[in-house]
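Observations on the model geometry
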Amino acid sequence: MAKDVSGEVKEAPDQLLTARRSRAFVILVAIAAGIVVCYLLALPFLPALTWALVLAIMFHPLHRRISKDLRYPEIAAAATVAIAAFIVAVPLTLIAERLVNEAARGAQIVAEALRTGSWRDTIASYPRLGLVLLWIETQLDLAGLAGNAATLLTNFSASLVRRSVAQIVDVVLTFYFLFYFLRDGREALNMLKNYSPLTSAEMNKLFLRVSETVHAIVFGTFAVAVVQGMLGGLMFWLLGLPSPLLWGLAMGLLAMVPVLGAFIVWIPAALSLALTGEWGKALILTVWGAGVVATVDNLLYPMFVGDRLKLHTVLAFMSMIGGIIVFGPAGLVIGPVIFTMTLLLLDIWRAHNKETDI
């Protein structure tokens, strides 16, 4: 302690510096704790927030055009959300219902074939295969399993839209967040710039990289889904299966859904062919689905997305698969975004260090 000319007690410089450091440390700890709590609070909404961000980026050009014609930002955002819902949610819901209904009908056909034993006639000319299938039948209640699957799918089809509360809530929240992302997106970006230690130019570069990442993921997913749907529908047409166009579209849409895939369509189709005695067609469809359609997904997707993200194929694969494992389906976007943001921040850090050395 020291006294100045007026006799007031002043803190020594060392004590003042220590007090400032202690206060700064307390503030940093409080900020870190607040960030952790905020993350835990936002975690249940992470999927909806992620898909809302994806839709906001993809529909931003459309929203910008609508905003020029409409005077009020709320109306412009609501109009864009309505268009996005019509383009994205309605077709997916209709296809999902049709797909589940067809799956339930297929399971009922399989269950009936197993109960009546009509499948034994189709394998009469294949004694070795028949012995294997008979042994499996004695070990497992295949008819009961197929019947349960048919009942489950039928019930699920009836409640897909009406009773799936969690899915409906996620969809509603996605478009709810999308409205505010569109209406207040510019203000939110400016706020992030103000709180960020990065410069405005660096933040703009970061925003651009995130936008490019989302576009790359959507483009890669759509491109691979189109290829898978075309390949699957082509084989359905060549084998003379019914509705090849519909099932090609279904396989393409399923290929766009993380964890799911085109196999949900071609595996039951191959099983149905086998039960009706068309073993050659069943084998061809199985080889085509597992060897071509699935391989296209595993090879082309990391290549398409990795090239547009300027990431190595292995890094792109790790970011997508690891993101799905850690964050669920939303990790398909979150994983690559985190990878690209981290690499960009490392580039910025390296540039700062070079400037400091100079």
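A brief structural summary. Because the structure is predicted, anything quoted here is derived from the model rather than measured.

Next up on the list: the packing of aromatic side chains. Under the criterion given, the structure shown has four aromatic pairs. Ring centres of tyrosine 176 and tyrosine 180 lie 5.1 Å apart, and the angle between their planes is 70°; on these two criteria the pair is classed as edge-to-face. With tyrosine 176 and tyrosine 180 both in helix 8 (residues 165-195), this residue pair falls four residues apart, about one helical turn. Plain terms: the ring middles of phenylalanine 179 and tyrosine 180 are 5.0 Å apart, the flat faces sit at 90° to each other, and that makes the pair edge-to-face. Using a relative accessible area of 18% as the deciding quantity, one classes phenylalanine 179 as buried. With a relative accessible area of 33%, tyrosine 180 lands in the partly exposed category. A connected cluster of aromatic rings, assembled from ring pairs, spans Phe45, Tyr176, Phe177, Phe179 and Tyr180.

For threonine 80, the location among the structural elements is in helix 4 (residues 73-116). Within the local environment of threonine 80, its side chain forms a polar contact with the backbone oxygen of alanine 76, the two atoms lying 2.9 Å apart. Ignoring sequence-local partners within four residues, the contact set of threonine 80 consists of Phe59, His63, Ile66 and Leu182.

Nonpolar side chains in soluble globular proteins tend to end up buried together. Counting residues in each nonpolar core, the largest one holds 20 residues, and the members touching the most others are Phe236, Leu241, Met251, Val265, Trp266 and Leu285. For this core, the secondary structure elements donating two or more residues are helix 9 (200-238), helix 10 (244-255), helix 11 (263-275) and helix 12 (279-309). Looking at which element gives the most residues to this core, the answer is helix 11, with six residues. When residues no more than four places from it in sequence are discounted, the contact partners of leucine 241 are Phe236, Leu273 and Leu285. Formed by 17 residues, the second largest nonpolar core is a distinct cluster that contains Ile57, Val214, Ile324 and Val333.

What counts as what
Residues numbered from 1 in each chain as written. Predicted model: local features only at pLDDT ≥ 70, side-chain atom pairs only at ≥ 80, totals over all residues. Heavy atoms only, no water. Phe/Tyr/Trp six-rings, centres within 6.5 Å; stacked < 30°, edge-to-face > 60°. Helix = DSSP H or I, 4+ residues; strand = E, 2+ residues; numbered from the N terminus. Buried < 20%, exposed > 50% of the residue type's maximum accessible area, 1.4 Å probe, protein only. Polar contact = N/O pair within 3.5 Å; in protein donor to acceptor, adjacent residues only side chain to side chain. Contact = heavy atoms within 4.5 Å. Core = buried A, V, L, I, M, F, W, Y, C linked by side-chain atoms within 4.5 Å.

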